[in-house]
Amino acid sequence: MIPQKNQFSEVDEWDEPEEVVRVYSKEEIVALQQSDATKYRSLSPWKIILAQVLITAISMVFWSIFGEPVRVSLYTQSAFLGGLISVLPTALFLVRLELAKKSQRLNPGRFLAALVSGEFIKIAVTLMLFVGIAYYVPGVLWVPLLVTYLLALKCVWLAWLWR
């Protein structure tokens with residue numbers, strides 16, 4: 001027997017009902033933000049850069065314990081380079097986004113292009129710094145470098161706690 005075309009009902013029991021999504025206007029968003037300013041505080045990305053610099057400094061002090069007490073040791077220099085690999089590309093990325101925001105012809109497509117190109121710049125500079133340090137800095141200690149790099153990189157995650 002051949003099943004008929006309309007044998008089953010239009011509404012299938014497996015279908016989920018569509019969610020209704022309310023779209024807020026810009027004025028409504030501003031009103032919501034002003035009604036509870038502590039809940040909707042914005043965090044400047046430049047504060048994240050500052051936190052990365054502070055984490056790098058703290059890590060440098062920690063790693064200096066393992067070096068010679070008289071001068072800056074290779075441990076401290078390696079920790080500095082790890083922080084530099086994190087801070088410099090992030091700063092370049094933010095500069096790229098700031099330049100895009102100040103553009104006269106900013107639209108969502110151009111901002112997305114700036115975001116993608118900024119992320120490409122960030123990745124390319126990070127790779128160049130890692131390769132450059134591996135080739136041109138003799139005797140670099142990778143453990144302090146990578147630990148400091150990862151700590152500074154995770155400052156972005158800590159930004160949610162500061163809000």
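Use the structure listed above.
Just so it is clear, the structure is predicted and the values come from calculations on it, not from any experiment. (Residues numbered from 1 in each chain as written. Predicted model: local features only at pLDDT ≥ 70, side-chain atom pairs only at ≥ 80, totals over all residues. Heavy atoms only, no water.)

*Asks:* Looking at this structure, how should I read helix 4 (residues 108-136)?
*Replies:* The end-to-end C-alpha distance of helix 4 is 41 Å, a good match for the 42 Å that 29 residues give at a rise of 1.5 Å each. Packed against the buried residues of helix 4 are helix 3 (74-101) and helix 5 (142-153). One side-chain oxygen at the N-terminal end of helix 4 lies 3.1 Å from the backbone nitrogen of G109; it belongs to N107. (Helix = DSSP H or I, 4+ residues; strand = E, 2+ residues; numbered from the N terminus. Expected span 1.5 Å × (residues − 1). Contact = heavy atoms within 4.5 Å. Polar contact = N/O pair within 3.5 Å; in protein donor to acceptor, adjacent residues only side chain to side chain.)

*Asks:* Can you walk me through the pattern of salt bridges in this structure?
*Replies:* Oppositely charged side chains can form a pair if their charged atoms are brought close together. Tallied over the entire structure, the rule returns one salt bridge. A salt bridge links R22 to E28; the shortest N-O distance between them is 3.1 Å. (Salt bridge = Lys/Arg side-chain N within 4 Å of Asp/Glu carboxyl O.)

*Asks:* When you look at the environment of R22 in this model, what are you seeing that I'm missing?
*Replies:* Topologically, R22 is positioned in the segment before helix 1 (26-35). Owing to a relative accessible area of 49%, R22 belongs among the partly exposed residues under this scheme. Side chain to side chain, R22 and E28 meet in a polar contact 3.1 Å long. (Buried < 20%, exposed > 50% of the residue type's maximum accessible area, 1.4 Å probe, protein only.)

*Asks:* Explanation requested: the packing of aromatic side chains in the structure shown.
*Replies:* Aromatic ring pairs are defined here through the distance separating the ring centres and the angle between the ring planes. Tallied over the entire structure, the rule returns six aromatic pairs. With centroids separated by 5.6 Å and ring planes inclined at 80 degrees, the aromatic side chains of F62 and F66 adopt a geometry described as edge-to-face. Here F66 falls in the partly exposed class, since its relative accessible area comes to 47%. With a centroid separation of 5.1 Å and an interplanar angle of 80 degrees, the aromatic rings of F130 and Y149 are classed as edge-to-face. Residue F130 is located in helix 4, and its partner Y149 is located in helix 5; the two are separated by 19 residues in the primary sequence. Site record: aromatic cluster; members linked through ring pairs are F62, W63, F66 and Y75. Sitting above the plane of the F93 ring, K122 keeps its charged end 5.6 Å from the centroid. (Phe/Tyr/Trp six-rings, centres within 6.5 Å; stacked < 30°, edge-to-face > 60°. Lys NZ or Arg CZ within 6 Å of the ring centre and 35° of its normal.)

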